[in-house]
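So you can see what is in the structure, the chains are spelled out below.
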Amino acid sequence: MRSTFSSDTLRLECLPALDNKLPVSLSCLSHFIIETEQYCLVDNACREYLFLAEFFIVQGPQALELFNQILGKTLNLLVITRRYAEFSAALVGISESFPSELVNRLLAELQEEVECFILRMAAIFPGRKEQLIFVINNYDMVLGVLMYELLF
């Protein structure tokens, strides 16, 4: 289920503020940023919960306990990975219109660093299964964000 919140809605709410005073528009912008962060967090958490429940065939309290064990450690890391994906998608979009070998090289270096980061963070988990779940979830999110941003 998709949220009905959109940046267009926010822009319409902010237009009067933009005409009157700068601090009010900054307040509106900070409100938008906070809501975006919260939406990303809730969206990731919901998808993670559904994935875990389906993959491990658990329900109710068992699913919640598994979710808390795994997501309790990874919540901030998912936000970092999502920001990388959004940033990369933006750079890829720009480089399609304005090709640059330097940008492509820097994107490749960034990708390599993020891959290493994800693998280092996966090592936090004691079991191989939890490590693989962490890696799969992060790559899935990166691919999802990239595909969405590049298609729309």
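Residues numbered from 1 in each chain as written. Predicted model: local features only at pLDDT ≥ 70, side-chain atom pairs only at ≥ 80, totals over all residues. Heavy atoms only, no water.

Colleague: Can you walk me through the overall build of the protein in this structure?
Modeller: Scanning the protein from terminus to terminus reveals five helices and zero strands. Looking at the protein as a whole, 31% of its 152 residues qualify as buried. Across the protein, the fraction of contacts at a sequence separation of at least 24, relative to all contacts at a separation of at least 6, is 60%. A total accessible area of about 10,600 Å² is found for the protein, and carbon and sulfur atoms account for 64% of it. (Helix = DSSP H or I, 4+ residues; strand = E, 2+ residues; numbered from the N terminus. Buried < 20%, exposed > 50% of the residue type's maximum accessible area, 1.4 Å probe, protein only. Contact = heavy atoms within 4.5 Å. Areas by Shrake-Rupley, 256 points an atom, 1.4 Å probe, with all protein chains shown as cover.)

Colleague: I keep staring at the side chain of Asn138 and nothing clicks. Help me out?
Modeller: Tracing the sequence through the fold places Asn138 in helix α5 (residues 128–151). Setting aside residues up to four positions removed in sequence, Asn138 forms contacts with Leu77, Leu78, Thr81 and Ile118.

Colleague: Even after reading the chapter, I still don't get unusual backbone geometry, so can you show me in this structure?
Modeller: What you tend to see is this: most non-glycine residues have negative phi, and most peptide bonds are trans. A positive phi angle, near 50°, is found at Ile57, a position not held by glycine. Inspection of the secondary structure assignment puts Ile57 in the loop between α2 (22–55) and α3 (60–97).

Colleague: I tried to follow the packing of helix α4 (residues 101–122) against α5 on my own but got confused; where do I start?
Modeller: Each packed pair of helices is defined by two parameters, the angle between the axes and the distance between the axes. Remark: α4 packs on α5, axes separated minimally by 9 Å, with the N-to-C direction vectors making an angle of 150°. Accordingly, the angle class assigned to the pair α4 and α5 is roughly antiparallel. In this structure, α4 meets α5 at a crossing whose hand is right-handed. Across from Glu115, Ile118, Leu119, Met121 and Ala122 in α4, the residues of α5 making contact are Gln131, Phe134, Val135, Asn138 and Tyr139. Residue composition of the contact of α4 with α5, grouped by class: seven nonpolar, two polar and one charged. (Axes fitted to C-alpha atoms, helices over the stretch in contact; angles between N-to-C directions. Parallel < 35°, antiparallel > 145°, perpendicular 65-115°, else oblique. Left-handed = near helix turned anticlockwise from the far one by under 90°. Nonpolar A, V, L, I, M, F, W, Y, C, P; charged D, E, K, R; others polar.)

Colleague: Before we go on, may I ask you to explain the confidence of the model for the protein in this structure?
Modeller: Do not read the predicted coordinates in detail wherever pLDDT is low. Of all residues in the protein, 72% attain a pLDDT of 70 or more, and the chain-wide mean is 76. Of all secondary-structure elements in the protein, the lowest mean pLDDT belongs to helix α1 (residues 7–20), at 40, while α4 reaches the highest, 90. When the criterion is pLDDT under 50, residues 1–26 qualifies, and its contacts beyond four places in sequence or with other chains add up to 13 contacts. (pLDDT = per-residue confidence, 0-100.)

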